[in-house]
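An overview of the molecular structure
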Amino acid sequence: MSNLLEVRGVNFAYPSLKVLTDINLTIREGESHVIIGPNGAGKTTLFKVLSGEMFAKSGQVFYEGQDVSALDAWQRVHRGIGRTFQMARLFVEQTVLDNVIMALESRERIKKTAHGRWWRLSPTKEIVEEAHLRLAEYGLLKRVDDLAANLSHGDKKRLELLLTLALRPKLIMLDEPTAGMAPEDRRAAIETINRLRQSEGLTLLLTEHDMEVVFGLATRLTVLNHGEIIASGDPEEVRRDPTVRSIYFGKGAAHA
Ligand SMILES: Nc1ncnc2c1ncn2[C@@H]1O[C@H](COP(=O)(O)OP(=O)(O)OP(=O)(O)O)[C@@H](O)[C@H]1O
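Before going into details, it helps to say that this report is about the structure given with it. Not measured: the values here are computed from a predicted model.

So, on to the sheet that holds strand S5 (residues 66-67). On the basis of which strands lie adjacent, the open sheet formed by four strands has the order S2-S1-S4-S5 and antiparallel pairing. Because the sheet does not close on itself, it has two edges, and the strands there are strand S2 (17-28) and S5. Examined bridge by bridge, strand S4 (residues 58-63) and S5 share two bridges and lie antiparallel to one another. Its bridge partner lying in S5, Phe62 is registered against Asp67.

Spelled out as structure tokens, the structure:
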């Protein structure tokens, strides 16, 4: 497996708080790499630095061997890095169908030009058909005409995943993909994500608190604590690591 993403010596601080300290991390092609850590450990901040929403104070991020540290978020999307958020980001005043059409139009635009923030006012027949097909695949067909704002939490997350994947990323970063879901939705999400990883040849980087999801998805596991990586490797080995056990899985740990 070759390295898809490499993080070298990344440091990040908010004005009054140091959050990431000397982060070194490798994401290999095809793996499902889960990052866990107590609340406030710096997981979301790390995602923001990797996706280009914020820039590291020092250190570098390499994607497919190229330094992308200075690229903006949309430029990283063009390179093939997709991302979802803890609270799904959708065009809530648009219908479910229009959300999908916009994502598909945007993908076509990315293929043709260097700039992807544009869509046609009247989409082609092919795009509308593809949108319906994808909505059917995700079990959202009956909601096509609903406003995205009116979807349930689980359906919003599903739609966001569909939109992110419509851009055909190679690496997809999922920030707590099952947060707030009922147990049966959570199990369905694990299945969907595992299936997509295999069928679309995706590499996954996730943060997650729910241990059923963590061990249902992870092929590699990294533990972040107070902005530092304290363990990384095979999920079962990491689970047995004495430091990890005392900090994270031990008595009184936030998410044991
Ligand atoms: N915009 C900000 N300005 C200042 N401090 C921030 C900002 N965003 C996050 N923080 C702080 O940075 C630290 C790391 O936050 P972050 O959201 O990255 O942690 P996390 O591991 O994702 O937490 P959670 O599991 O609760 O989502 C926390 O102490 C948080 O309060």
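Looking now at the layout of surface pockets. Over the atoms rolls a probe the size of a water molecule, and in doing so it shows where empty space is left. Taken as a whole, the second largest pocket encloses approximately 280 Å³ of empty space. Lining of the second largest pocket is provided by 19 residues; of these, Lys157, Arg158, Leu161, Ala189 and Thr192 occupy positions nearest its centre. When contributions to the lining of the second largest pocket are tallied by element, the ones reaching two or more residues are helix H5 (153-166) and helix H6 (183-199). For the lining of the second largest pocket, the leading source of residues is H6, giving seven residues.

Okay, the pattern of salt bridges next. Counted under the stated rule, the structure contains 13 salt bridges. Where Arg8 meets Glu6, a salt bridge forms, and the shortest distance between an N and an O atom there is 3.3 Å. The partly exposed category is assigned to Glu6, whose relative accessible area is 22%.

Calculation rules
- Residues numbered from 1 in each chain as written.
- Predicted model: local features only at pLDDT ≥ 70, side-chain atom pairs only at ≥ 80, totals over all residues.
- Heavy atoms only, no water.
- Pairing = 2+ DSSP bridges.
- Helix = DSSP H or I, 4+ residues; strand = E, 2+ residues; numbered from the N terminus.
- 1 Å grid on protein atoms, 1.4 Å probe; cavity = no way out; pocket = protein on both sides within 12 Å on 5 of 7 lines; lining within 4 Å.
- Points joined across faces, edges and corners; volume = space filled by probe spheres on them.
- Salt bridge = Lys/Arg side-chain N within 4 Å of Asp/Glu carboxyl O.
- Buried < 20%, exposed > 50% of the residue type's maximum accessible area, 1.4 Å probe, protein only.

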